[in-house]
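A look at the structure
One letter stands for each residue in the lines below.
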Number of protein chains: 2
Amino acid sequence: MVQYQAARLDASFAALSDATRRGVLEQLGRADASITDLAGTFRMTLTGMKKHVGILEQAGLVITKKVGRVRTCKLGLRRLAEEAAWIERHRQLWAARFDALDEVVEELKQKEKVNGHKRRE
Amino acid sequence: MVQYQAARLDASFAALSDATRRGVLEQLGRADASITDLAGTFRMTLTGMKKHVGILEQAGLVITKKVGRVRTCKLGLRRLAEEAAWIERHRQLWAARFDALDEVVEELKQKEKVNGHKRRE
C-alpha cells in the first residue's frame, strides 16, 4: 500500500518536473485538446508531444481517447491530493525546524546580553 | 524571471520524484544528519546517497557543510511554496472542469426527465 503510493508519487512528481508537461496540464484545465493542438501550442513535433502526453497518462494526470484519427486529451482523475499533502507536511516540518533554530538564536542573544551586563559590572 | 521559476520547478519536482529523496527530506525535517547516517538509514552505498543529496542540494532543498571528514546535511531554504502554489492552482482548475462536467450531466438528466414525461403523455 505504502509502496504503491510511493510509486504513484514518483510518477506524478516526475511528470510535473517538465515545464511543457505542466503547460499541457494547465491547457487541459481550460479545455480538452488533441495531440495535434497541443503540439501546435507548444511548438513541438507530434512525436515529442506524444511522449510528454504518454508520461502524463502513465501518471494518471491525463486521459486520452482516440476517435477516428484524432487522439483527444483531457485531465485524468488524479487530483494531486497526495502530492499536495506531502508538500504541506514537508512545509510544516520545515517551519518547525526553523522555529526551533530561531529559539536557539534568541537564547544565545539573551545569554550574550546577560554576559555583556556581567562584563560591564 | 518566468523561465528561472520554471527551471526551479523542474529541479524541485524532479528532486521529489524519488522515494529515497523524499525520505531524506523527511529525515532532515526531524534532525540534521551526515551522509553516512543517511546511507545507513536508507541502506544505500555512500556513493548512491551522495548522488541523491547532490540532486536535493541542486534543487535548493538541502544544504551540506563539510567539517573535517564529515559532511552534514540540513534542510535548505526552499520552502516548496511555489510548488504548493502550482499544485493548488491545478487542483482548482481540475475542480472547475469537473464541476462544469457535473452541470452538463445534470442538464442532460433534466432533459431526459422532460423527454420522458413527454413520451408518457
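Fair warning: this is a prediction, and the values are worked out from it, not measured in the lab.

Considerations on the pattern of salt bridges
By the definition in use, this model includes 12 salt bridges over all chains. Measuring nitrogen to oxygen at the nearest pair gives 2.9 Å for the salt bridge that ties B:Arg22 to A:Asp10. Here A:Asp10 lies in helix H1 (residues 2–16) and B:Arg22 lies in helix H2 (residues 19–30), a pairing that spans two chains. In this structure, the salt-bridge partner of B:Arg91 is B:Glu88, at a minimum N-O distance of 3.9 Å. Of this pair, B:Arg91 and B:Glu88 both sit in helix H5 (residues 81–120), 3 residues apart, roughly one helical turn. Its relative accessible area of 37% is what places B:Glu88 among the partly exposed residues.

Considerations on helix H4 (residues 46–58) of chain A
Each full turn of the α-helix corresponds to 3.6 residues, which orients residues three or four apart in the same direction. All names here are of chain A. The end-to-end C-alpha distance of H4, which contains 13 residues, comes to 18 Å, matching closely the 18 Å that a straight helix rising 1.5 Å per residue would cover. Taken together, the buried residues of H4 touch H1, helix H2 (19–30), helix H3 (35–41), strand E2 (62–67) and strand E3 (70–75). Downstream of H4 by a residue or two, Gly60 has a phi angle that is positive, lying close to 80 degrees.

Quick look at the sheet that holds strand E2 (residues 62–67) of chain B
Residues and elements named next belong to chain B. In space, the 3 strands of this open sheet follow the order E1-E3-E2, with antiparallel pairing throughout. Only two strands of the sheet have a single partner each, and these edge strands are strand E1 (33–34) and E2. Two strands pair when backbone bridges link them, and E2 and strand E3 (residues 70–75) are joined in this way by 6 bridges, in the antiparallel orientation. Paired with Lys65 across the strands is Thr72, a residue of E3. Sitting on the sheet, helix H4 (residues 46–58) is in contact with E2 and E3, with an inclination near 120 degrees to E2.

Some words on the sheet that holds E2(A)
Residues and elements named next belong to chain A. With respect to topology, 3 strands assemble into an open sheet ordered E1-E3-E2, the strand pairing being antiparallel. Here the strands that pair on one side only, and so sit at the sheet edges, are strand E1 (33–34) and E2. Across the sheet, H4 lies against E2 and E3, angled at about 120 degrees from E2, the strand it touches most.

With respect to the interface of chain B and chain A
On the chain A side, the residues contacting the 35 residues of chain B number 35 residues. Carbon and sulfur atoms supply 65% of the area that chain B and chain A bury against each other, a total of about 3,200 Å² over both sides. At the surface where chain B touches chain A, the tally comes to 6 salt bridges. Mapped onto the side of chain B that touches chain A, the elements with two or more residues apiece are helix H1 (2–16), H2 and H5 of chain B. For the side of chain B that touches chain A, the element with the most residues is H5(B), which contributes 12 residues. Split into classes, the residues belonging to the side of chain B that touches chain A amount to 19 nonpolar, 4 polar and 12 charged.

Thresholds applied
- Every chain's residues receive numbers from 1 upward, in the order its sequence appears when written.
- For naming, the first written chain is A and the first written ligand is 1, with later ones following in the order written.
- Totals for whole chains, interfaces and linings use every residue, but because this is a predicted model, local features are given only for residues with pLDDT of at least 70 and side-chain atom pairs only at 80 or more, for both listing and counting.
- Side-chain measures were taken over the full set of non-hydrogen atoms in the model, leaving aside hydrogen atoms and water.
- Salt bridges are defined by distance alone: a side-chain nitrogen of Lys or Arg within 4 Å of a carboxyl oxygen of Asp or Glu.
- Each helix is a run of H or I in the DSSP string that is no shorter than four residues. Each strand is a run of E no shorter than two, and both are numbered from the N terminus.
- To sort residues, take the accessible area from a 1.4 Å probe on protein chains only and compare it with the maximum for the residue type: under 20% means buried, over 50% means exposed, and anything in between is partly exposed.
- How far a helix is expected to stretch is found by multiplying one less than its residue total by 1.5 Å.
- Contacts are assigned to residue pairs with any non-hydrogen atoms lying within 4.5 Å of each other.
- Strand pairing is assigned whenever DSSP detects at least two bridges linking the two strands.
- Lines fitted to C-alpha atoms define the axes, with helix axes restricted to the stretch in contact, and inter-axis angles between N-to-C directions lie between 0 and 180 degrees.
- Buried area is a sum: the accessible area each of two parts loses on coming together, probed at 1.4 Å, counted once for each and added.
- Residues are grouped as follows: Ala, Val, Leu, Ile, Met, Phe, Trp, Tyr, Cys and Pro are nonpolar; Asp, Glu, Lys and Arg are charged; all remaining types, including Gly, are polar.

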